[in-house]
Amino acid sequence: MMKSKDVKAIIACRMYFFQKMTTERIAKELQVSRSTVSRLICYARESGLLEIRLNDEGNQHLFYERSIQNFYQINEVHVVPVSDLLGETEWLEQVGQYSAHYLNTVFDSNMIMGVAWGTTLTYVSKYLLRKNTHDSHIVQLNGAGNTRSMGIEYASQIVQRFADNYEAKAHLFPVPTFFDYSGTKKLLWQERSIRTILEIQNKANLLLFSIGAVNGGVPSHVYSGGYLEEKDYKELCKHNVIGDIATVFFQRDGSHLNIPMNLRSSGPDLEMFKEKKSICVVSGLAKVAGLDAALRGGFIKVLIVDEPTARSLIENFTNYKRQ
């Protein structure tokens, strides 16, 4: 585990050097004095944190951002510099921190943020920086129940962290992640209480999510938490599924309409992600194929990704262009 002072120093450096924020603004965001911000940046420089994480790799990450942005025609790309040697858990930690800071620049009063629970969003929620807003809402995008439990505690903890951080109202979605029968979902979706949540989702200004991958250095929760049975995996394999967003599956070319299991998913129609400011936070090499497919499908407007994963993504589409 990193020391608390190291974490604060990295946060201050990222805000100062990457987000171009003044020390006064940083002090306000972190709820400390300006002199404390200066001392944190000096500490990062003296301890080697600044040299390793910002200076040495700063230019390369900008090249990766431009490459991904141009190839996929995506609005925004943020590549978080991390060392390949640290391992995927540390990559995820750094991406979670960066994403938490970024959200403070885009989420404000009178806004609705849709959140898809999962391993990555758990990390983001741990590093949120308190920001006071009014008449704002956080809504859960997909149900969390499975055969083992209703998943309420896991999903609600993530959603509630976001709501508490922004002084927003939390809207939970207490339904199964996957229904046994598509007809059951159709009937439940007619209930007024469920329709209310669906309407809030449709009004969301921001959609925050990650890419689900079956095999990862840090496994996606939907694949490690007992949400899928053996027959489900066989069905996904049969239809060449490469990943999911909010437990809605898609194929390598980004298509999702011909996958039967999506009819039983409680997640939103992926077409909604094309229409809104959809922010995708990704970390881990196992997610590269799914990330490529999601970008091809047009489901991502803003991408936040660690540097090794970004490099692998670029190598992936570079090889694709050569074929």
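Residues numbered from 1 in each chain as written. Predicted model: local features only at pLDDT ≥ 70, side-chain atom pairs only at ≥ 80, totals over all residues. Heavy atoms only, no water.

Remarks on the sheet that holds strand E1 (residues 76-80)
Strand order in the open sheet made by the seven strands is E1-E9-E8-E5-E2-E3-E4, with parallel pairing throughout. Each end of this open sheet is capped by a strand with a single partner; those strands are E1 and strand E4 (169-171). Neighbouring strand axes in the sheet, compared pairwise and without regard to direction, differ in orientation by 15 degrees on average. Pairing of E1 with strand E9 (residues 302-306), which is carried by five bridges, proceeds in the parallel orientation. Looking at the pairing, His-78 lines up with Ile-304 of E9. (Pairing = 2+ DSSP bridges. Helix = DSSP H or I, 4+ residues; strand = E, 2+ residues; numbered from the N terminus. Axes fitted to C-alpha atoms, helices over the stretch in contact; angles between N-to-C directions.)

Concerning the environment of Pro-81
Assignment of secondary structure puts Pro-81 in the loop between E1 and helix H6 (88-106). Residue Pro-81 is classed as buried on the basis of its relative accessible area of 1%. Sequence separation of Pro-81 and Glu-307 is 226 residues, and the distance between their C-alpha atoms is 5.2 Å. (Buried < 20%, exposed > 50% of the residue type's maximum accessible area, 1.4 Å probe, protein only.)

Regarding the layout of surface pockets
If a probe the size of a water molecule is rolled over the atoms, the empty space left behind becomes visible. Estimated volume of the largest pocket: approximately 430 Å³. What lines the largest pocket is a set of 20 residues, and nearest its centre among them are Lys-185, Asn-262, Gly-267, Pro-268 and Asp-269. Among the secondary structure elements, those contributing two or more residues to the lining of the largest pocket are helix H9 (182-188) and helix H10 (192-202). Here the residues of the lining of the largest pocket sort into ten nonpolar, seven polar and three charged. (1 Å grid on protein atoms, 1.4 Å probe; cavity = no way out; pocket = protein on both sides within 12 Å on 5 of 7 lines; lining within 4 Å. Points joined across faces, edges and corners; volume = space filled by probe spheres on them. Nonpolar A, V, L, I, M, F, W, Y, C, P; charged D, E, K, R; others polar.)

Remarks on the pairing of E9
In terms of burial, E9 is largely enclosed, as five of its five residues are buried. Because side chains alternate across E9, one face comprises the buried residues Val-302, Ile-304 and Asp-306, and the other comprises Leu-303 and Val-305, equally buried. Relative to E9, strand E8 (residues 277-282) is paired through four bridges, and the arrangement is parallel. Pairing of Cys-280 across the sheet is with Leu-303, part of E9. Where the polypeptide runs from E8 across helix H14 (residues 288-297) and back to E9, its parallel neighbour, the crossover connection is right-handed. (Right-handed = clockwise from strand over helix to strand, strands pointing away.)

With respect to the nonpolar core
The biggest cluster of nonpolar side chains holds 60 residues, and the ones touching the most others in it are Leu-103, Met-113, Ile-138, Phe-162 and Ile-279. Setting aside chain neighbours within four positions, we find Phe-162 in contact with Leu-103, Met-113, Val-115, Leu-121, Val-124, Ser-125, Leu-128, Ile-138 and Leu-208. Val-79, Phe-179, Ile-197 and Phe-273 belong to the second largest nonpolar core, which has 44 residues in total. (Core = buried A, V, L, I, M, F, W, Y, C linked by side-chain atoms within 4.5 Å. Contact = heavy atoms within 4.5 Å.)

Observations concerning the side chain of Ser-109
Relative to the assigned elements, Ser-109 resides in the loop between H6 and strand E2 (112-115). There is a polar contact of 3.0 Å between the side chain of Ser-109 and the backbone nitrogen of His-134. For Ser-109, the contacting residues outside a window of four places in its chain are Thr-133 and His-134. (Polar contact = N/O pair within 3.5 Å; in protein donor to acceptor, adjacent residues only side chain to side chain.)

Regarding unusual backbone geometry
We note that Lys-20 has phi near 55 degrees; this positive angle belongs to a residue other than glycine. By the element assignment, Lys-20 lies in the loop between helix H1 (4-18) and helix H2 (23-30). Among the residues examined, Lys-20 registers a relative accessible area of 67% and is labelled exposed. Phi is positive for Thr-247, close to 60 degrees, though the residue is something other than glycine. Mapped onto the elements, Thr-247 comes out in the loop between strand E6 (241-245) and strand E7 (248-251). Thr-247 gets classed as buried once you look at its relative accessible area, which sits at 2%.

Things to note about the environment of Thr-119
Tracing the chain through its elements places Thr-119 in helix H7 (residues 119-126). A C-alpha to C-alpha distance of 9.4 Å links Thr-119 and Leu-92, two positions 27 residues apart in sequence.

Brief notes about the packing of aromatic side chains
All chains considered together, the criterion is met by nine aromatic pairs. Judged by centre distance (4.9 Å) and plane angle (80 degrees), the ring pair of Tyr-16 and Phe-17 falls under edge-to-face. For Phe-17, a relative accessible area of 32% gives the class partly exposed. Summarising the aromatic geometry, the rings of Phe-179 and Trp-189 are spaced 5.6 Å apart at their centres and angled 80 degrees between planes, so their arrangement reads as edge-to-face. With Phe-179 in the loop between E4 and H9 and Trp-189 in the loop between H9 and H10, this pair connects stretches of sequence that are ten residues apart. (Phe/Tyr/Trp six-rings, centres within 6.5 Å; stacked < 30°, edge-to-face > 60°.)

Some words on the confidence of the model for the chain
With 88% of its residues at a pLDDT of at least 70, the chain reaches an overall mean of 87. Contacts from residues 52-58, a stretch scored under 50 in pLDDT, to residues over four places away or in other chains number 17 contacts. (pLDDT = per-residue confidence, 0-100.)

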